[in-house]
Amino acid sequence: MCTVNLNYSLTYEIKPVSPYNFNLSVRKPAGWSLFTPFEIYNGKTLWTAVHLESTLIGLKLSSKGTTNNPRITAKIFLESKPTEEKLDKIKKLLIHCIGAEDDLREFYAFARQDRILRYVVDDLYGMHSTSTGDNVFPDAILAILLQMAPLKRSNEMMDSIIRMYGDNAEFDRKTVYVWPLPQKLSSLNPSVLARECKVGYRAKRIVKLAVKFVEEGFPTLQELEKLSPEDSKTKLLELPGIGDYSADIINPHGGFPIDVWSAEVFGNLFFGKKPDNNRQAVKEVKSEGIRRWGKWSWMAFFYVVQDLESLSRRMNIKLRLA
DNA sequence: GCGTCCAGGTCTACC
DNA sequence: GGTAGACCTGGACGC
């Protein structure tokens, strides 16, 4: 654990593309955080921290507008004054990460014609998909920790790794733990990581992943976006511990990441009944989702999993909550 | 209490 | 190329 005091700050305003619901976008209804599970949110303001451009940044984001006329005040905190060029890059990355540039209108037009999606876009109007920074590494660790474990246990493993090996950003009288950089994990003995963070066999995969990032490097999320969706996924599949499901979670082009749990949820929605065997149903459910929703598969997946409780009521189907 | 099963997948050794 | 089986850990469940 390394504590970093971020004493230099500056404030500016972000005007997201409307509609943009701040609350739904920075703290998803299913509990997904923006950058780190340790960020602090009081309903109007989010204090969080992230590495952008290899620099630790503290953030205080406050909503000043409405869903149809959104405005966000962003106060960023750094160790020292950055160059104008670096500051410009950080500002652009932040806008990109919070999904402020994304226009939802085309997806909404598509969704309102769909018997399932028309409910979720109504419930979650203005919710934007966000990304966890410019580095793939935190997403890849998260994907590995989600494998073969109930969500509660995945969260425990994640908290443990961040607390033990992440940075500790101190700013605005707040403390936020941040995902570790690959350099911090690449030199670890996997058996030590497994014992200290109780991640079991995943420790070998995480250390191997970190070593690959340090020794060979890996494209940023923004660089992967410039590739075709297929090429981006192929690149992600080169990472140790990352298979089809995990690559779909990470891919900035969006995939349709169906696992054992979501196979049950989407199987229920598509076919009106719970699959006999969730694990065996993964392939069938995934291809049905892609067939129905095509290029909007990720947005459809994202909206549905954030809205299961309401969707269960509206469609009169018992959906297993996350 | 104690034993067994299995979970938001992936990798590898077989065939 | 396809496919069992192994893999950490801890909670749920049956006895």
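Each remark here, short or long, concerns the structure printed above.
Because the structure is a prediction, the values reported are computed rather than measured.

### Digging into the protein's contact with DNA strand B
- In the vicinity of DNA strand B there are 22 residues, among which G241, G243, S246, D259 and R320 approach most closely.
- Of all DNA strand B atoms lying within 4 Å of any protein atom, the proportion belonging to sugar or phosphate reaches 53%.
- Within the side chain of R205, an N or O atom sits 3.0 Å from a base oxygen of DNA strand B.
- Contact between DNA strand B and D259: a base nitrogen at 3.0 Å from a side-chain N or O atom of the residue.

### Here's the deal with the protein's contact with DNA strand C
- Close to DNA strand C lie R153, K198, G200, Y201, R202 and K204.
- Of all DNA strand C atoms lying within 4 Å of any protein atom, the proportion belonging to sugar or phosphate reaches 70%.
- Interatomic distance of 2.9 Å between a backbone N/O atom of Y201 and a sugar or linking oxygen of DNA strand C.
- In terms of residue class, the surface near DNA strand C is built from one nonpolar, one polar and four charged.

### Some points on the pairing of strand β4 (residues 45-52)
- Burial of β4 is extensive: eight of the eight residues sit out of reach of the surface.
- Here β4 shows no split at all, with T45, W47, A49 and H51 on one side and L46, T48, V50 and L52 on the other all buried.
- The antiparallel pairing of strand β3 (residues 40-41) with β4 creates a hairpin that spans three residues between the two strands, and G43 there sits at a positive phi of about 100°.
- Pairing analysis gives eight bridges linking β4 to strand β5 (residues 55-63), with the strands arranged antiparallel. From the neighbouring strand, T48 faces β5, where its bridge partner is L59.
- Between β4 and β5, which pair antiparallel and follow one another directly, the connecting turn spans two residues, one of which, E53, has a positive phi of 55°.

Parameters at a glance
- Residues numbered from 1 in each chain as written.
- Chains lettered and ligands numbered in written order.
- Predicted model: local features only at pLDDT ≥ 70, side-chain atom pairs only at ≥ 80, totals over all residues.
- Heavy atoms only, no water.
- Near = heavy atom within 4 Å.
- Polar contact = N/O pair within 3.5 Å; in protein donor to acceptor, adjacent residues only side chain to side chain.
- Nonpolar A, V, L, I, M, F, W, Y, C, P; charged D, E, K, R; others polar.
- Buried < 20%, exposed > 50% of the residue type's maximum accessible area, 1.4 Å probe, protein only.
- Helix = DSSP H or I, 4+ residues; strand = E, 2+ residues; numbered from the N terminus.
- Pairing = 2+ DSSP bridges.

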